[in-house]
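Okay, here's what each chain looks like letter by letter:
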Amino acid sequence: MSRIRIWSLMKSPWILHFNSGACNGCDIEVVAALTPLYDAERFGVLLQGSPRHADILIVTGPITRQAARRLLRIYNQMPEPKFVIAVGTCAISGGVFADSYNVYEGVDKLIPVDVYIPGCPPRPEAILYGIVKLLKGLKEGEVRVQH
């Protein structure tokens, strides 16, 4: 990927939030991370409603078999390069629903994940740290870039 594309992605990462049926704990923390109190806009982060314009997909909640098709469709609609952040215990491992017949044991069973943010729910500072870590890894060439 060219240096100018990496630079532009680092200066204005647009995120799309996908809730797969969470208890809303992680969702509230994701939204809180985007408020002026934590000022995610200082990193250029902007919440986007369309997968066709998003660079980063933030996934919260346990991935149910019913939501898996929707998640895959949204992931495939995102332009390259695209990145995925799994927020919360449920998105990472299935959480308390891990042994359920209808829940995948983590979002990485369906799509590749770049950053994991553990917690139930994780603090907004941790979510911002994960986004910044993804951007720094992209700059230093440590994050995979699909073409």
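Quick caveat: nothing in here was measured; it's all calculated off a predicted structure.

K.L.:
Help me understand the packing of aromatic side chains in this model?
P.N.:
Here a ring pair, both rings aromatic, is described through the centre-centre distance and the interplanar angle of the planes. With the rule as written, the count across this model stands at zero aromatic pairs. Over the aromatic face of Tyr75 sits the side chain of Lys82, whose NZ or CZ is 4.2 Å from the ring centroid.

K.L.:
How should the sheet that holds strand β3 (residues 56-60) be read in this particular structure?
P.N.:
Remark on secondary structure: sheet strands pair via backbone hydrogen bonds, oriented parallel or antiparallel. One open sheet holds the five strands; their spatial order is β2-β1-β3-β4-β5, and the pairing between them is parallel. Of all the strands in the sheet, the pair left with one neighbour each is β2 (46-47) and β5 (115-117). Alignment of strand β4 (residues 83-87) against β5, held across three bridges, turns out to be parallel. Residue pairing across strands places Val87 opposite Ile117, the latter belonging to β5.

K.L.:
Explain the pairing of β3 here, please?
P.N.:
As a general feature of sheets, a regular strand has side chains that alternate between the two faces. In terms of burial, β3 is largely enclosed, as five of its five residues are buried. Burial of β3 is two-sided: the residues Ile56, Ile58 and Thr60 facing one way and the residues Leu57 and Val59 facing the other way are all buried. In this sheet, β3 lies alongside strand β1 (residues 14-19) in parallel orientation, the contact comprising five bridges. When the sheet's bridge partners are listed, Ile15 is paired in β3 with Ile56. Pairing between β3 and β4: five bridges, direction parallel. By the bridge assignment for β4, Val59 is matched with Ala86. Tracing the backbone out of β3, into helix α3 (residues 65-77) and back to the parallel element β4 gives a crossover that is right-handed.

What counts and how
- Residues numbered from 1 in each chain as written.
- Predicted model: local features only at pLDDT ≥ 70, side-chain atom pairs only at ≥ 80, totals over all residues.
- Heavy atoms only, no water.
- Phe/Tyr/Trp six-rings, centres within 6.5 Å; stacked < 30°, edge-to-face > 60°.
- Lys NZ or Arg CZ within 6 Å of the ring centre and 35° of its normal.
- Pairing = 2+ DSSP bridges.
- Helix = DSSP H or I, 4+ residues; strand = E, 2+ residues; numbered from the N terminus.
- Buried < 20%, exposed > 50% of the residue type's maximum accessible area, 1.4 Å probe, protein only.
- Right-handed = clockwise from strand over helix to strand, strands pointing away.

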